[in-house]
Amino acid sequence: MPILEREPPKGRRESYVLPKVPVPPLKQTLDMYLSCMKHLVKEEQYQKTKAIVVKFGEPGGTGELLQKKLLERSDKTYNWVYDYWLEDMYLNQRLALPVNSNPAMVFPKQNFKDRKDSLRFAAHLITGVLEYKERIDTRVLPVDFARGQLAGTPLCMKQYYRLFNTYRLPGHKRDTLVIHKPGSTEQEHIIVACKNQFFVLDLVVNKKKLKEMDILTQLEKIVKMAENSEERQPPFGLLTSDGRTEWAQAREVLIKDSVNRESLAVIEKCLCVLCLDNPSGMEVGDTSRALLMLHGGGHDKMGANRWYDKPMQFIVGEDGVCGTVCEHSPFEGIVLVACTEYLMKFMTGSPSKMGRATSVSELPTPARLLWKTTPHIQDLLKASAERLQRLVRDLDMDVHKFEVYGKEFIKKQKMSPDAYIQVALQLAFYRCNGRLVSTYESASIRRFHEGRVDNIRSATSEALAFVKAMTDEKASLSDSEKMKQLWDAINAQTNYTITAITGFGIDNHLLGLREIAQELKMERPEIFTDETYVASNQFILSTSQVPTTVEMFCCYGPVVPNGYGCCYNPQSDHLLFSVTSFHGSTETCSAVFIKALDEGLVEMRDLCRKCNKPQSSAAPAASKAVENNQGAGSKLPSTLQKTGK
Ligand code: COA
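On a predicted model such as this, the values are computed, not experimentally measured, just so you know.

Every regular strand shows the same layout, with side chains that alternate between the two sheet faces. Taken across its 5 residues, strand E8 (residues 273-277) has 5 buried, putting it largely inside the fold. Here strand E4 (residues 189-194) pairs with E8 via 4 bridges, running parallel. Looking at the pairing, Val192 lines up with Leu274 of E8. Of the strand pairs in this sheet, E8 and strand E9 (residues 313-317) are connected by 5 bridges, and their pairing is parallel. Each residue of the ladder has a partner; that of Cys275, found in E9, is Ile315.

In total, this model carries 35 salt bridges according to the counting rule given. In this structure, the salt-bridge partner of Glu519 is Arg73, at a minimum N-O distance of 3.7 Å. Placement of Glu519 in helix H16 (residues 506-519) and of Arg73 in helix H3 (residues 62-76) is noted, with a sequence separation of 446 residues between them. Residue classification places Glu519 among the partly exposed positions, given a relative accessible area of 27%. The shortest N-O distance in the salt bridge between Asp175 and Arg168 comes to 2.8 Å. Assessed through its relative accessible area of 2%, Asp175 is described here as buried. Classification of Arg168 by relative accessible area gives buried; the value is 1%.

Here we have 6 strands laid out as an open sheet, ordered E12-E18-E17-E15-E13-E14, and mixed in their pairing. Every other strand in the sheet has two partners, leaving strand E12 (395-402) and strand E14 (453-456) as the edge strands with one partner each. Neighbour-to-neighbour, the strand axes of this sheet turn through a mean angle of 20°, independent of strand direction. Judged from the 6 bridges that link them, strand E17 (residues 564-570) and strand E18 (residues 575-582) form a sheet pairing that is antiparallel. Opposite Asn569, over in E18, you have Leu576 as the bridge partner.

Okay, the packing of helix H4 (residues 82-91) against H16 next. At a minimum axis separation of 10 Å, H4 and H16 run at an interaxial angle of 95°. Our classification of the angle between H4 and H16 gives roughly perpendicular. Between H4, through Tyr84, Trp85 and Asp88, and H16, the contact on the second element is made entirely by Asn508, Leu511, Gly512, Arg514, Glu515, Ile516 and Glu519. The residue inventory of the contact of H4 with H16, partitioned by class, reads 4 nonpolar, 2 polar and 4 charged.

We now examine the confidence of the model for the chain. Of all residues in the chain, 91% have pLDDT values of 70 or greater, and the mean over the chain is 92. Per-residue pLDDT stays below 50 along residues 1-13; that stretch engages in 34 contacts with residues further than four places along the chain or on separate chains. Residue range residues 630-645 is modelled with pLDDT below 50. Its contacts to residues more than four positions away, or to other chains, number 28 contacts.

Turning to the sheet that holds E8, a few remarks are in order. Strand order in the open sheet formed by 8 strands is E11-E5-E4-E8-E9-E10-E1-E16, and the pairing between neighbours is mixed. With one partner strand each, in any of the chains shown, strand E11 (367-368) and strand E16 (553-555) form the two edges of the open sheet. Bridge count between E4 and strand E5 (residues 197-202): 6 bridges; the pairing is antiparallel. Each residue of the ladder has a partner; that of Ala193, found in E5, is Phe198. Packed on one face of the sheet, helix H9 (residues 286-295) meets strand E1 (104-106), E9, strand E10 (322-325) and E16 and runs near 140° to E1.

Here we come to unusual backbone geometry. Notably, Val99 is not glycine yet its phi reads approximately 70°, a positive angle. Its location among the elements puts Val99 in the loop between H4 and E1. For Val99, a relative accessible area of 1% gives the class buried. Not every positive phi belongs to a glycine, and Asn206 is a case in point at roughly 50°. Topologically, Asn206 is positioned in the loop between strand E6 (204-205) and strand E7 (208-209).

Calculation criteria
- Residues numbered from 1 in each chain as written.
- Predicted model: local features only at pLDDT ≥ 70, side-chain atom pairs only at ≥ 80, totals over all residues.
- Heavy atoms only, no water.
- Buried < 20%, exposed > 50% of the residue type's maximum accessible area, 1.4 Å probe, protein only.
- Helix = DSSP H or I, 4+ residues; strand = E, 2+ residues; numbered from the N terminus.
- Pairing = 2+ DSSP bridges.
- Salt bridge = Lys/Arg side-chain N within 4 Å of Asp/Glu carboxyl O.
- Axes fitted to C-alpha atoms, helices over the stretch in contact; angles between N-to-C directions.
- Parallel < 35°, antiparallel > 145°, perpendicular 65-115°, else oblique.
- Contact = heavy atoms within 4.5 Å.
- Nonpolar A, V, L, I, M, F, W, Y, C, P; charged D, E, K, R; others polar.
- pLDDT = per-residue confidence, 0-100.

In structure tokens:
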């Protein structure tokens, strides 16, 4: 794979030169790997792994060679891990995008009077999107600064520049993230999906930008056109809901015809997709709204009224179910939150400009995208519909508001709310399954140039000791002993968080060593074929904090068939959890997991109330982690050295 060099970001609001993601010291990563996995695999397997790891890391061994190559790569690139990570995390993945990969953001339920009211909302939303896009194109978005742990450092803004100008093109073995030049004139349209039909809404007509009222007029025309059953086209959006290889194969068939080629080209260049959904007929609650965002309820509901490859897809349902479903490869949930919160504030803060606006006089009728079908293509559509239906039936989702307390209570205990919630998730999992498993928690590394995320491995040995103390050993331990275990677990989690957000997590590093070996055409080193490594990458618990400051929430599916996806949104007085799993697994059940989580959170609060003597601050844990990284001879960005909590 060629090393892709990238220009550092330019622009007047981005004068910060961010440091490069560090390459952690080899020994540090190998030691951490062993301590992360020791308690998650059988002793015999662990001993085998230990011997393999020691051999890999010995002086003059394979590890040293690969580390040297990785350091060279780091010298030559702005971000040594970016391409490896993007391919491993997204582009190489073959599973269907809905549920398995695309996260959704669920907006507050709207109360539309009628269809026209929902179209007014949609026109206002698109006006907000255009305003936000203008801010991106003119580079006036203020730079984000880190909050929470190690607050205060500037963060990389690159992900914002990928919100509207990217497209995930399916490939037979690997997808491609296509990036259009920002502000490109080719990108002056959005695609509107209505009744599984796709329409082109040009945003610039006769060199004039459409006003909100014009957009509304065009949306009304689209809704009318979609109703015309004589011109109805087959539901081609379904193909994008399929496995990536299946979709790539189908696309190859489609593009043999010029009509299909043209329709695809228009979709692939659009700014975003707006899905005007009919009422789904489902009872409107948090869980059903989340399901409609993630998979549209299946081919017979809104599942075909989507184009899943497009990173920004806004959904406006006539029944008030609204939100976004996003192709994840160009940006993280935190950037999505910033964008959608801007839009929500725009929607509530700036009145609709319908009355006052003067319309572009002659608005051409929006074009309906046409498709050429053959019996073979009809079969492909049928197969995609069936596979989507299976996914829809399999998803077990539960959105739950834990209202007993929120992050303020946790802060009063002088604990990191995020670490506390992670420990509670471990307790819930242990309660349900009697063991801990490889856990993924996204840790932002946007402190670095083009930084995306690394992993906080929350199933620490300290967490295991605590969850055992609260369950198996409950009767034999005193409350103060349990409290000590809780503090140890919280401190271990906080330390790992700091290690990961400062670029010293182990997952990206191990991935880099693995991939560089492949580039060197070496036989895959045993450390990466070992059973423990395979288990370490099976994230049965896949978690992420996605906090919001306005009323909305994020959700996503599990990443393995027998796993849970758990997205949480800590608020001052409550905690919101979106838990997903698959009905097909006998090992999981979202409702049971939530019940265990609820019970554990209450027990943890009772324990804290009984015997917590809040430590003066989280500083001991945090500064220890920072010191360790410095001690390891690695270079932490100077900003981080100053801003430890
Ligand atoms: N005592 C009292 N308060 C504490 C504390 C302590 N010991 N430790 C932390 N806090 C406070 C923080 O100051 C912060 O306060 P604020 O709400 O006023 O900002 C708050 O508690 C939250 O901090 P914490 O719970 O420790 O979490 P965090 O905000 O540092 O977040 C991560 C931790 C790992 C979630 C974050 O670093 C991160 O990487 N986020 C990105 C995740 C992501 O990418 N998600 C999307 C994936 S698609």
